Amino acid sequence: MRRISVLFILLLFALTSGCSYNSANVFNKGEITYDNTVSFIDVGQGDSILVKSNGCYMLVDAGEEDKGSVVAEYIRNEGIDKLDYVVATHPHSDHIGGMDDILNTFQVDNIIMPDMVTSTKCFENMLNAVENKNINAIVGQAGYDFELGNFKCSIVGPVTIGDDANNNSVVIKLVYGNDSILLTGDCSKAEETDIADSGADISANLLKAGHHGSSTSSSDKFVSMVSPQIVVISCGKDNEYGHPHKETLDTFNKYGVKVYRTDEEGTVTAVCSGNGISMVTDNTVTEDTDTENTYTENTDTDDKNNENVSYILNKGTKKFHNADCSSAESISEKNRQEYTGTREELIKTGYAPCGICKP
């Protein structure tokens, strides 16, 4: 394993890579046509996520070994022949088993992975492909930022490296305008706590549930801090682990989160406009307006609009909350602001009401 450690030492810095735009690569299904998408590919019991923006492409994980060809075909069908980044969130086979297929099939500029090694065959296969194709390796750890087209990407975890592979998962926040997505790998509660305690802004409109919806992840505190309107769970139909677990679904239900599951709906795609996320599945197209910073008047709120009221603002998500809202309690000091004034004026400045406390 000495060779692998040397590889990490030699390949620490990212290369600057250009993005090639091709109009054929714009996502188009039904009446929705956008260029900034995050697709949660149905790979059964595993993870694989394709991010597309303005001619730039990133693949996060590649499922089990027998899913490498499935993911490769999906990428080819999108008209893509080069990936600017691939991310191996952690060295478990349901995330990197198919990664060597991807690295050997496509031109890949950079690979991001945590600073840990294992002796598994799938990990060795992936490292051999990285070496053979001279792919630039980047250590995935909190504090590394990069851009992918219109998406600003920030790695918020792992904060520290430990012995548990799941808790070394590379966790990435994607931001485009007012849209934000948090990708968590198999991040479990210990890593969730480290990230929460680090002070990073992890608020997001969409959360990819950690560890396929297992009860080991998606703690109440973490979900409250992220305050998502949408959750995507990547898991296999009738899987042997019982994912997603009831406890996890109960937590999402508690916070009124809309849940999408690849075992039920196939590949799920988040289409980002910069001011609202539309969700597209293999079978349906729906609009999730809760992520938009807009508001439609109704008679229930007419009286409140012109009264001076105290609210708690989240400057990161541009949401406002009642003072006793559970989501407001977890807003970081950097993003927290108290406001007293009319609701109407607050909405005019670009803030939207919290979907949980509905102020």
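Structure: above.
The paragraphs below set out a description of the structure included in this document. Since we're looking at a predicted model, the values are computed, not measured.

## Looking at the overall build of the protein chain
A tally of regular secondary structure across the protein chain gives 12 helices and 22 strands. Within the protein chain, the fraction of its 359 residues that count as buried is 57%. When contacts within the protein chain are restricted to residue pairs at least 6 apart in sequence, long-range pairs at least 24 apart make up 67% of them. In the structure as shown, the protein chain presents an accessible area of about 14900 Å², 45% of it carried by carbon and sulfur atoms.

## Re the packing of aromatic side chains
With the rule as written, the count across this model stands at five aromatic pairs. Relative to F146, the ring of Y85 has its centre 4.5 Å away and its plane inclined at 40°; by these criteria the two rings are tilted. Here Y85 is found in strand 6 (residues 82-87), whereas its partner F146 is found in strand 9 (residues 145-148), with 61 residues between them in sequence. Among the aromatic side chains, those forming a connected cluster through ring pairs are Y85, Y144 and F146. The ring of Y260 has K258 lying over it, and the distance from NZ or CZ to the ring centre is 5.3 Å.

## A short note on the sheet that holds strand 20 (residues 319-321)
The four strands are arranged 21-19-20-22 in an open sheet whose pairing can be described as mixed. The outermost strands of the open sheet, each flanked by one partner alone, are strand 21 (336-342) and strand 22 (352-353). For strand 20 and strand 22, the ladder comprises two bridges, and the chain directions are parallel. If you follow F320 over to strand 22, its bridge partner there is P353.

## What to know about the side chain of S214
Summarising the element assignment, S214 is placed in the loop between strand 13 (206-208) and helix 7 (220-226). A distance of 3.0 Å separates a polar atom in the side chain of S214 from a polar atom in the side chain of T216. Ignoring anything within four residues of it in the chain, the contact list for S214 reads H243, H245 and T248.

## Some words on the environment of V309
One can find V309 in strand 19 (residues 308-314). Residues contacting V309, with those up to four places away along its chain left out, are Y339, T340 and G341.

Cut-offs used in this document
- Within each chain, residues carry numbers counting from 1 in the order of the written sequence.
- Per-residue local features are limited, in this predicted model, to residues with pLDDT of at least 70; the limit for side-chain atom pairs, both in listing and counting, is 80 or more; totals at the level of whole chains, interfaces and linings are taken over all residues.
- Calculated side-chain values reflect all of the structure's heavy atoms, with hydrogen atoms and water omitted.
- Labels follow the DSSP assignment, with helices taken as runs of H or I lasting at least four residues and strands as runs of E lasting at least two, numbered in each case from the N terminus.
- Throughout this description, buried means an accessible area under 20% of the type-specific maximum (1.4 Å probe, protein chains only), exposed means over 50%, and partly exposed covers the range between.
- We call two residues in contact when some of their heavy atoms are within 4.5 Å.
- Exposure was quantified through the Shrake-Rupley algorithm and a 1.4 Å probe, taking into account, for residues, occlusion by the shown protein chains and nothing else.
- Between rings of Phe, Tyr and Trp, where Trp is taken as its six-membered ring, a pair exists when centres lie within 6.5 Å; planes separated by under 30 degrees are stacked, by over 60 edge-to-face, and by other angles tilted.
- A positively charged side chain is recorded as over a ring if its NZ (Lys) or CZ (Arg) lies within 6 Å of the ring centre. The angle to the ring normal must also be within 35 degrees.
- Strands qualify as paired when DSSP identifies two bridges or more between them.
- In the analysis that follows, any N or O atom pair within 3.5 Å is treated as a polar contact, provided that within protein one partner can donate a hydrogen and the other can accept it, and provided that, for residues neighboring in sequence, both atoms belong to side chains.

These figures capture arrangement, not role.
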